[in-house]
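Understanding the architecture of this molecule
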Amino acid sequence: MLKKIVIFGVGLIGGSFALALRKAGAVEQVVGLGRSTASLLRAKELGIIDVIGTSLEEALQDADLVLLAAPVAQTESILAAIKPYLQAKTVVTDAGSIKAEVVAAARRALGEKMAQFVPGHPIAGLESTGPDAAIESLYVGRKVVLTPLPENTDERIALVAQAWQQCGAVIHQLTPENHDAVFAAVSHLPHLLAFALVDDIARKPHAELLFQYAASGFRDFTRIAASSPEMWRDISLANQTAILTELDAYIAQLTRFREQLAAGDGTAMHAMFSHAQSARQNWQRNIEAAEIQPKPDNDE
C-alpha cells in the first residue's frame, strides 16, 4: 500500500496510473501537480487525484512515490525544483519514452539524490490527451520498461516495479541506451512518419479532395499523428542521434524501392512485400499468443 503518491502531469499517462492504483486499492492519497489549473481541477472532479498540489514542500511531505508524467523537456526543471524537498524514503520515477537524456537530466538536477530516481517507460498510450482520456485499464497486460541505474537499490527498483504491476503491467528491463535505440525504431520513427505524411497531404493544393477519399488504410497508418506535438517535438530532440540513424536507414529503404519501381522490377518489389508481410504476420501471431497466456504473478 502506497500511502501517498505525487503525480506531475495528470493526463492520459499520469491519470491512468492513479486510476489503476485506486482500482487495485494500492494507494491512499494522490496529489496532482502540473502547468494547467484547468486540468488539475478536472482531474480532481473525475476522482483521479485527491489534492491539487500548491506547495512542493507540502506535496512531497511523506510521499512514497513521485511519477513524472509531464513532457520530457520538463524533466530537469521538475527534478531540480523537488530536490530540496525529497525525503530519503521517497522514490521518483518517470514515464518518458526516452531514457538516456532523461537520466542525464536527472543527474544534473538531483546530484547526490540520484539514487532515488528509477527511470521507467510504460509502453501504452492513446492519441487522446488530458484527464478525460485517463482509463484505469490502460496498463493491463502492457509492458513497462524500467532502466535501473547503478545507484538504485533493489528496494527502490522493487517499489516502482510493484506500483506498475498493481496497474496490471508486465515489467521489463533495459539499459537507457538500449531502450532509446529500440524505441527509435519501433515507436519514434513510426510517429514521425505519420506526422510527416499527414503534413505533406495537408499542404497540397488539393488536400481537401485527398482527405475526402482517405479511408481505413490512411486512418490506421496516421492515427498516431493525432498525438501531442509538444511531446513528439521533445522526444525527437532528446533522442536525436538514434532517430537520425533510423531515418537514414528508412530513407535508404525508400530509395531502394523507388529504384525498383522506376525500373519496373516487379520481382524485387514482390520479394520486399513478401518479406514484410511475413514479418508482420509473425509479429501479430506472437502478440496474440502472448495475450492468451496466463497473466504473470506480481513477483515474477
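Presented here is a report on the structure given in the accompanying data block. (Residues numbered from 1 in each chain as written. Predicted model: local features only at pLDDT ≥ 70, side-chain atom pairs only at ≥ 80, totals over all residues. Heavy atoms only, no water.)

**A word on the environment of Tyr250**
The residue Tyr250 is located in helix 11 (residues 240–262) in this model. Among all residues touching Tyr250, those that are not within four sequence positions of it are Leu189 and Leu193. (Helix = DSSP H or I, 4+ residues; strand = E, 2+ residues; numbered from the N terminus. Contact = heavy atoms within 4.5 Å.)

**Description of the packing of aromatic side chains**
Tallied over the full model, the rule gives 4 aromatic pairs. Aromatic side chains Tyr139 and Trp164 sit 4.9 Å apart centroid to centroid with 80° between the ring planes, which places their arrangement in the edge-to-face category. Highlighted residues: Tyr139 in the loop between strand 7 (120–122) and strand 8 (143–146) and Trp164 in helix 6 (residues 154–166), separated in sequence by 25 residues. By the burial criterion, Tyr139 is buried, and Trp164 matches it. Ring pairing ties together the aromatic residues Phe17, Tyr139 and Trp164, which thus form one cluster. (Phe/Tyr/Trp six-rings, centres within 6.5 Å; stacked < 30°, edge-to-face > 60°. Buried < 20%, exposed > 50% of the residue type's maximum accessible area, 1.4 Å probe, protein only.)

**Re the sheet that holds strand 2 (residues 27–33)**
Reading across from one edge, 3-2-1-4-5-6 is the order of the 6 strands in this open sheet, with parallel pairing throughout. Of all the strands in the sheet, just strand 3 (51–52) and strand 6 (117–118) have a single pairing partner and so form its edges. Sheet topology note: the strand 2/strand 3 ladder contains 2 bridges and is parallel. Its bridge partner being in strand 3, Val31 is matched across the sheet by Val51. Packed onto the sheet, helix 4 (residues 75–82) meets strand 1 (2–8), strand 4 (65–68) and strand 5 (91–94) and runs at close to 155° relative to strand 4. (Pairing = 2+ DSSP bridges. Axes fitted to C-alpha atoms, helices over the stretch in contact; angles between N-to-C directions.)

**Here's the deal with the pairing of strand 8**
Across 3 bridges, strand 7 lies against strand 8 in antiparallel orientation. By the bridge assignment, Pro122 is partnered in strand 8 with Val144. Two strands pair when backbone bridges link them, and strand 8 and strand 9 (residues 170–173) are joined in this way by 4 bridges, in the parallel orientation. Bridging across to strand 9, Leu146 finds its partner in Gln173.

**Overview of unusual backbone geometry**
Backbone geometry at Asp62 places phi at a positive 65°, although glycine is not the residue there. Examined against the element boundaries, Asp62 turns out to sit in the loop between helix 3 (56–60) and strand 4.

**Side note on the pattern of salt bridges**
The final tally for this structure, using the stated rule, is 15 salt bridges. Residues Arg42 and Glu45 are paired through a salt bridge, measuring 3.0 Å at the closest nitrogen-oxygen approach. Of the two residues, Arg42 and Glu45 are both situated in helix 2 (residues 37–45); the distance of 3 residues between them amounts to about one turn of the helix. According to the relative accessible area criterion, Glu45 is exposed, its value standing at 62%. Salt-bridge contacts for Asp220 lead to Arg219; the nearest nitrogen and oxygen are separated by 3.3 Å. Note on accessibility: Asp220 and Arg219 belong to one class, exposed. Here the salt bridges do not stand alone but share partners, grouping Arg42, Glu45 and Asp132 into one network. (Salt bridge = Lys/Arg side-chain N within 4 Å of Asp/Glu carboxyl O.)

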